[in-house]
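Residue-level structure breakdown
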Amino acid sequence: MKKAAIVLALSIGATSFAKAAEQVTIVYKVVSTQGEAVQTDVPEYNWKTVRVDADKVDETVRELKADPTIGMVEIAQKVQAPKPVMEVPAYPKVYAQGVRAQAAFNDPEFIQQKVWADYADTDTNRGSLTIAQGMDIYDSTRRMKIGVVDGGFVETGDITYAQGVDMVFGNRADGFLETEIDPNCGYRHGTQVSHLAAANRNNGVGMAGIANADVYAARALDCSGSGFTTDIAESILWLAGEPVSGVTQLPEPVDVINLSLNAETACPFYLQDALDVARSRGVVIVASAGNNSDDAAKYYPNNCEGVVNVGSNRFDGTKSSFTNDGEEVDVFATGSDVFTMSGPGQYNYVYGTSFSSPIVAGHVALIKAVEPEADETRIIRLLKAAQRSFVVNGLTQTGAGIMDSLKLAKAVSGETYVARPLVHALNHESRIATEAAYTQASAQLDTCGLYEVDTTKLDVSRDAGEFFKVFEVSKDSDFTVANGTEVSNSQGSRVLLKNINPTVNNYGLSVCNADNSVCDSEIPVNLNASKALTGVYCAR
């Protein structure tokens with residue numbers, strides 16, 4: 001995840017792009033209207049586009065810059081979904097009844113999905129992600145929403161497209177299927193990506209996806225897999241529930257957006273603004289690191305702020321030769337020899353970070369099913385707590401490692417206490433077996449009813465004079481500070497609670513002043529108290 005956005009100079013690509021294209025898209029930001037500055041406390045997207053002939057670019061830019069209501073001016077950049085490094089046809093297999101019984105689901109091709117296999121210290125399983133075991137723990141009852149910005153979407157009978165739009169410039173419409181837009185097109189990148197994240201499980205058809213989720217398809221890439229950064233930005237806005245010209249607005253944002261695409265350029269300001277709008281709506285953005293064997297920091301969206309970046313590993317536990325790498329990569333998932341679906345009855349083994357990213361995006365949806373308020377910082381903390389480090393020549397490597405789905409499931413469910421912020425006070429990893437110190441009858445404290453919030457695991461900050469405060473909100477009420485009762489507070493990093501009752505109440509944490517007249521957010525961070533309860537310390 002990038003800590004600060006990189007500045008994109010106007011001159012980047014402008015001259016060469018103008019020569020190569022018949023028309024050029026110019027993007028400009030409206031900073032004031034009728035002489036009054038546009039000011040807001042929440043992220044907004046105030047960019048407009050104009051398309052001009054190549055020989056009019058310089059003149060148009062000068063005119064825009066001379067307008068006092070306009071701030072930054074940029075040139076839309078070309079973007080490409082990385083084609084699979086390699087794509088090998090896979091064919092439906094017929095298995096003996098005993099072999100089929102070994103599969104976790106009844107999807108006919110599930111047994112070919114090696115990424116779901118258990119980790120083992122062998123050349124064929126060091127890169128497996130232990131997904132099948134993890135699925136026994138994740139709560140998959142809530143139906144999630146995954147947005148996919150891509151191209152080449154088709155129906156297969158094994159995925160639920162809840163809604164989709166064509167965002168390609170000049171095509172804007174409420175339709176997204178490649179078979180209807182361009183029947184001669186064989187491009188299927190978006191279909192392959194979507195099935196890895198959200199193919200329907202246990203439906204007796206095709207393969208199994210990671211999350212129980214509907215797919216919202218934003219076709220921003222044409223049949224060649226290419227498009228423009230402006231279309232990507234507006235696709236993100238559409239998936240965040242924002243109004244976008246030419247297409248029907250979504251009633252509410254998706255939970256996760258997958259971006260299996262990139263370009264070697266700094267993060268455009270308008271794209272960062274679109275990402276910030278989505279993040280402010282609670283959407284987590286997951287992106288592929290790219291297939292250039294290069295530093296991911298050179299490529300957008302990896303160098304944009306607030307993105308979970310995913311690299312690729314092999315099944316032998318080493319990094320894929322093609323994957324981008326570096327400090328911007330947050331986690332790795334298997335992206336070499338990955339089985340996926342390309343169309344009705346059509347399957348492929350594919351290679352590329354494009355296919356690592358939706359595996360992680362599916363897991364992010366599983367996390368948000370349990371923790372709806374989890375942002376990218378919380379997500380990355382959980383992912384890093386559930387990684388296996390790369391080992392080279394017997395030496396453990398620093399930096400991002402391979403995601404382990406089982407470890408992640410345990411962390412999210414509360415079976416381990418590596419990352420969960422609310423735990424039984426004696427179950428905190430720093431203080432196991434200190435029951436005597438916390439049993440104080442005179443203070444009416446007992447180990448059975450004592451819990452603790454560790455705010456360092458929430459990545460929330462507190463200014464001088466402010467308090468971390470825990471609010472109890474009835475499950476019959478909207479989850480807000482106004483509907484809550486303060487049950488504990490602290491100016492330290494940890495807040496103690498006693499005798500919580502998550503059967504009838506929810507519990508959340510906010511940063512507020514002394515009298516609660518000002519809190520950082522009207523919606524507190526949900527502490528998922530029901531996951532913290534344990535009978536280990538209770539006689540009753």
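Residues numbered from 1 in each chain as written. Predicted model: local features only at pLDDT ≥ 70, side-chain atom pairs only at ≥ 80, totals over all residues. Heavy atoms only, no water.

So, about the state of the cysteines. Using the criterion set out here, one finds three disulfides in the structure. Between the sulfur of cysteine 185 and that of cysteine 223 lies a disulfide, 2.0 Å long from S to S. Given an S-S torsion of about 105 degrees, the disulfide between cysteine 185 and cysteine 223 has right-handed geometry. Of this pair, cysteine 185 sits in the loop between helix 5 (178-181) and helix 6 (189-198) while cysteine 223 sits in the loop between strand 10 (213-219) and strand 11 (226-228), and the two are 38 residues apart along the sequence. The disulfide that involves cysteine 267 links it to cysteine 304, with 2.1 Å between the sulfurs. (Disulfide = S-S within 2.5 Å. Helix = DSSP H or I, 4+ residues; strand = E, 2+ residues; numbered from the N terminus.)

Note on placement: glutamate 305 falls in the loop between strand 13 (284-288) and strand 14 (307-313). Spatially, the C-alpha atom of glutamate 305 lies 7.0 Å from that of glutamine 272, the residues being 33 residues apart in sequence.

We now examine the pairing of strand 26 (residues 494-498). For a regular strand, side chains alternate in direction, first toward one face of the sheet and then toward the other. Side chains of strand 26 alternate between two faces, with Val495 and Leu497 buried and Arg494, Leu496 and Lys498 left unburied. Both strand 23 (residues 450-454) and strand 26 contribute to a ladder of five bridges, which runs antiparallel. When the bridges of strand 26 are listed, leucine 450 appears paired with lysine 498. (Buried < 20%, exposed > 50% of the residue type's maximum accessible area, 1.4 Å probe, protein only. Pairing = 2+ DSSP bridges.)

Below, the discussion takes up a nonpolar patch on the surface. Together, Val85, Met86 and Val88 make up a nonpolar patch on the protein surface, roughly 230 Å² of accessible area in all. Within the secondary structure, methionine 86 sits in strand 7 (residues 86-90). Since its relative accessible area comes to 40%, methionine 86 is described here as partly exposed. (Patch = residues over 30% accessible without salt bridge, like charges linked within 9 Å, V, L, I, M, F, W, Y side chains within 5 Å. Areas by Shrake-Rupley, 256 points an atom, 1.4 Å probe, with all protein chains shown as cover. Salt bridge = Lys/Arg side-chain N within 4 Å of Asp/Glu carboxyl O.)

What follows is about the sheet that holds strand 24 (residues 467-474). If you walk across this open sheet you meet the four strands as 25-24-27-28, and the pairing is antiparallel. Only two strands of the sheet have a single neighbouring strand rather than two, namely strand 25 (485-490) and strand 28 (525-526). When strand 24 meets strand 27 (residues 505-512), the two strands line up antiparallel, connected through eight bridges. If you follow valine 473 over to strand 27, its bridge partner there is asparagine 506.

This part takes up a negative patch on the surface. A grouping of Glu22, Asp53, Asp55, Glu59 and Glu63 is seen on the molecular surface, where their side chains present a negatively charged patch. Within the secondary structure, aspartate 53 is located in strand 4 (residues 47-53). (Lys, Arg positive; Asp, Glu negative; His and termini not counted. Charge placed at Lys NZ, Arg CZ, Asp CG, Glu CD.)

Looking along the chain, the bond that leaves tyrosine 300 and enters proline 301 is cis, with omega of 5 degrees. By the element assignment, proline 301 lies in the loop between strand 13 and strand 14. Its identity as a non-glycine residue notwithstanding, asparagine 202 has a phi of 55 degrees, on the positive side. Within the element layout of this structure, asparagine 202 appears in the loop between helix 6 and strand 10. You will see that aspartate 337, though not glycine, has its phi angle at about 65 degrees, which is positive.

Take the sheet that holds strand 1 (residues 23-30) next. Spatially, the three strands line up as an open sheet ordered 4-1-5, and their pairing is antiparallel. For this open sheet the edge positions go to strand 4 and strand 5 (70-75), each flanked by a neighbour on one side alone. Strand-to-strand twist across the sheet, computed as the mean angle between neighbouring axes with direction ignored, equals 25 degrees. Pairing geometry for strand 1 and strand 5, over four bridges, is antiparallel. Paired with isoleucine 26 across the strands is isoleucine 75, a residue of strand 5. The sheet contacts of helix 8 (residues 269-280) involve strand 1, strand 4 and strand 5, and relative to strand 5 the element is tilted by about 110 degrees. (Axes fitted to C-alpha atoms, helices over the stretch in contact; angles between N-to-C directions. Contact = heavy atoms within 4.5 Å.)

Let's shift gears to the confidence of the model for the chain. Scored by pLDDT, the chain has a mean of 84; 84% of the residues are at 70 or more. Predicted confidence is poor over residues 431-443, with pLDDT under 50, and the contacts of this stretch with residues over four places away or in other chains come to 20 contacts. (pLDDT = per-residue confidence, 0-100.)

Attention now moves to helix 8. For helix 8, which comprises 12 residues, the first-to-last C-alpha distance of 16 Å matches the rise-based estimate of 16 Å (1.5 Å per residue) to within 8%. Taken together, the buried positions of helix 8 are occupied by Tyr270, Leu271, Gln272, Asp273, Ala274, Leu275, Val277 and Ala278. (Expected span 1.5 Å × (residues − 1).)

Attention now goes to the nonpolar core. Core analysis: the biggest nonpolar cluster contains 71 residues, and Trp116, Val286, Val360 and Leu408 have the highest contact counts within it. Looking at which element gives the most residues to this core, the answer is helix 9 (residues 353-370), with 10 residues. Not counting chain neighbours up to four residues away, the residues in contact with valine 360 comprise Val286, Val310, Val331, Ala333, Leu383 and Met403. Residues Val149, Tyr216, Val244 and Ile285 belong to the second largest nonpolar core, which totals 44 residues. (Core = buried A, V, L, I, M, F, W, Y, C linked by side-chain atoms within 4.5 Å.)

The subject of this paragraph is the pattern of salt bridges. By the definition in use, this model includes 19 salt bridges. The salt bridge involving aspartate 231 is made with arginine 172; its shortest N-O contact spans 3.2 Å. Taken together, the residues span a long stretch of sequence, with aspartate 231 in helix 7 (residues 229-239) and arginine 172 in the loop between strand 9 (161-166) and helix 5 at a distance of 59 residues. A residue is classified by how much of its surface remains accessible, and arginine 172, at 24% relative accessible area, is partly exposed. The salt bridge involving arginine 494 is made with aspartate 454; its shortest N-O contact spans 3.7 Å. Here the residue arginine 494 occupies a position in strand 26, and aspartate 454 occupies one in strand 23, the gap between them amounting to 40 residues. The exposure class of aspartate 454 is buried, given its relative accessible area of 3%.

So, on to the environment of glycine 175. With respect to the element layout, glycine 175 can be found in the loop between strand 9 and helix 5. We classify glycine 175 as partly exposed; its relative accessible area is 23%. Sequence separation between glycine 175 and glycine 164 is 11 residues; the distance between their C-alpha atoms is 6.0 Å. Apart from the residues lying within four places of it in its own chain, the contact partners of glycine 175 are Gly164, Val165, Asp166 and Ile181.

The next thing to look at is the packing of helix 7 against helix 8. One way to put it is that helix 7 packs onto helix 8 with a least axis distance of 9 Å and a crossing angle of 10 degrees. As judged from the angle between their axes, helix 7 and helix 8 are roughly parallel. Taken together, the residues of helix 8 that come into contact with helix 7 (itself represented by Thr229, Thr230, Ile232, Ala233, Ile236 and Leu237) are Tyr270, Leu271, Ala274, Leu275, Val277 and Ala278. For the contact of helix 7 with helix 8, the class distribution of residues is 10 nonpolar, two polar and no charged. (Parallel < 35°, antiparallel > 145°, perpendicular 65-115°, else oblique. Nonpolar A, V, L, I, M, F, W, Y, C, P; charged D, E, K, R; others polar.)

A few words now on the packing of helix 6 against helix 9. In contact at an axis separation of 7 Å, helix 6 and helix 9 are set at 35 degrees when each is read in the N-to-C sense. As for how helix 6 packs across helix 9, the hand of that crossing is right-handed. Contacts between helix 6 and helix 9 involve His189, Gln192, Val193, Leu196 and Ala197 on the former and, on the latter, Ser354, Phe355, Pro358 and Gly362. A class-by-class count of the residues in the contact of helix 6 with helix 9 yields five nonpolar, four polar and no charged. (Left-handed = near helix turned anticlockwise from the far one by under 90°.)

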